[in-house]
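# Descriptive analysis of the structure
Spelled out, the chains give:
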Amino acid sequence: MTRMRDHWRGQFRAMASPCEVLLRTNDAQQAEAALSAVAAEAWRIEDKFSRYRTNNVVAAINDSNGATVAVDDETANLIDFATALHELSEGRFDISSGVLRRAWQFDGSDRLPDEQTVADILSCVGWNKVLWQRPDLTLQPGMQIDFGGIGKEYAVDRAAALAADLVTHCLINFGGDLATGGASDASPAWQVGVETPDSAGRRADRLIRLSRGGLATSGDARRFLLKDGKRYSHILNPLTGWPIEQAPRSVTVAADTCTQAGMLATLAMLQGPEAESFLEAQSVQYWCRRS
């Protein structure tokens, strides 16, 4: 925790991301309590929903081998949200598509997977193959789920709500997914920099003043393949198993919550060449970069 000119700044790591908490309060103990609450919530959500854990609800679902798993309300809420996104995106958003990572390694190299390998894995992808009747979830053998597309934004909003109970105004930043909390009308806006693609966080592409709501960015700045001059984004189309064609380099969306902003940014990327048209239809503030 560090004292800045008009706020406190706390840092920690969670969800494979640097996490930053900016807190406006004159009370150091309040700031420490808020940082502790935010970090604890981030780690709780990571422990519960990360596909890298072996003893959480996601592991129980992924290891079920066709058996039905009854889930708790928090997990059911995330599954309901993912189901709605699947319908809104006409199948392009799919939390069962994480198994495609077996074929794709977005490490900046030129190593594309074999077409047959991708086709074989696709047999284990498709939310339409899943039986979901809250609270019971049944996956076909070989299928898995991955909350990576919505989990971090959910954690940001949860953390912002907790911090807002302890300090006047706050900004939560988990790896570039952000949300504010507290009395925004009585506090100066936070100035947020959105990095330039390929700058690895060293240069801001634009500065945004954020006093309320959330902000999220989706793009291929760090995860991609490059083959014969063609860039392959890590944003995969679960209907084909291959990267979305003609997707923007990055999409940033401002919305009422980080979860909403992240949802719209991801759905826009999945629209490929129609990303801007999609966002215009949502009547939200956005920034889209194609080069």
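Just so you know, these numbers come straight off a predicted model, no measurement behind them.

Rules used throughout
- Residues numbered from 1 in each chain as written.
- Predicted model: local features only at pLDDT ≥ 70, side-chain atom pairs only at ≥ 80, totals over all residues.
- Heavy atoms only, no water.
- Pairing = 2+ DSSP bridges.
- Helix = DSSP H or I, 4+ residues; strand = E, 2+ residues; numbered from the N terminus.
- Axes fitted to C-alpha atoms, helices over the stretch in contact; angles between N-to-C directions.
- Left-handed = near helix turned anticlockwise from the far one by under 90°.
- Contact = heavy atoms within 4.5 Å.
- Nonpolar A, V, L, I, M, F, W, Y, C, P; charged D, E, K, R; others polar.
- Expected span 1.5 Å × (residues − 1).
- Buried < 20%, exposed > 50% of the residue type's maximum accessible area, 1.4 Å probe, protein only.
- Polar contact = N/O pair within 3.5 Å; in protein donor to acceptor, adjacent residues only side chain to side chain.
- Core = buried A, V, L, I, M, F, W, Y, C linked by side-chain atoms within 4.5 Å.
- Phe/Tyr/Trp six-rings, centres within 6.5 Å; stacked < 30°, edge-to-face > 60°.
- Lys NZ or Arg CZ within 6 Å of the ring centre and 35° of its normal.

## Considering the sheet that holds strand S4 (residues 68-70)
- Taken together, three strands build an open sheet; the order of strands is S4-S6-S5 and the sheet is antiparallel. For this open sheet the edge positions go to S4 and strand S5 (131-133), each flanked by a neighbour on one side alone. Averaged over all neighbouring strand pairs, the angle between strand axes comes to 15°, with direction disregarded.
- Bridge count between S5 and strand S6 (residues 136-138): three bridges; the pairing is antiparallel.

## Observations regarding the environment of Ala161
- If you trace the backbone, Ala161 turns up in helix H5 (residues 151-164).
- Separated by 20 residues in sequence, Ala161 and Gly181 place their C-alpha atoms 6.1 Å apart.

## With respect to the packing of helix H6 (residues 258-270) against helix H7 (residues 275-282)
- At a minimum axis separation of 7 Å, H6 and H7 run at an interaxial angle of 145°. Once H6 is placed against H7, the crossing between them reads as right-handed. Between H6 and H7, the residues in contact are Leu264, Leu267 and Ala268 and Ala275, Phe278, Leu279 and Gln282, respectively.
- Among the residues making up the contact of H6 with H7, the classes are represented as six nonpolar, one polar and no charged.

## What about helix H1 (residues 28-49)?
- End to end, H1 covers 32 Å across 22 residues, agreeing with the expected 32 Å (1.5 Å per residue, within 8%).
- Turning to H1, its buried residues are Ala31, Ala34, Leu35, Val38, Ala39, Glu41, Ala42, Ile45, Glu46, Lys48 and Phe49.
- Residues of H1 that are buried in the fold lie against strand S2 (8-14), strand S3 (17-24), helix H2 (57-62), helix H3 (73-88), H5 and strand S7 (169-174).
- A distance of 2.8 Å separates the backbone nitrogen of Gln29 from a side-chain oxygen at the start of H1, and that oxygen is part of Asp27.

## A word on the nonpolar core
- Core analysis: the largest hydrophobic core is formed by 80 residues, its most contacted members being Phe12, Leu23, Phe147, Ile172, Phe174, Val253 and Leu279.
- For this core, the element with the highest residue contribution is H6, accounting for nine residues.
- Listed in part, the 11 residues of the second largest apolar core include Leu22, Trp190, Val192 and Leu210.

## Quick notes on the packing of aromatic side chains
- One pass over the structure, following the stated rule, counts five aromatic pairs.
- Plain terms: the ring middles of Trp104 and Phe106 are 5.3 Å apart, the flat faces sit at 0° to each other, and that makes the pair stacked. Here Trp104 and Phe106 have matching classes, each one buried.
- Where Trp104 meets Trp242, the ring centres are 4.9 Å apart and the plane angle is 90°; that geometry is what we call edge-to-face. Here Trp104 is found in the loop between H3 and helix H4 (115-122), whereas its partner Trp242 is found in strand S15 (residues 242-243), with 138 residues between them in sequence.
- The exposure class of Trp104 is buried, given its relative accessible area of 3%.
- An aromatic cluster is defined as three or more aromatic residues linked by ring pairs; in this entry it consists of Phe12, Trp43 and Phe174.
- Looking at Arg231, its charged tip hangs above the ring of Phe224, at a distance of 3.7 Å from the centre.

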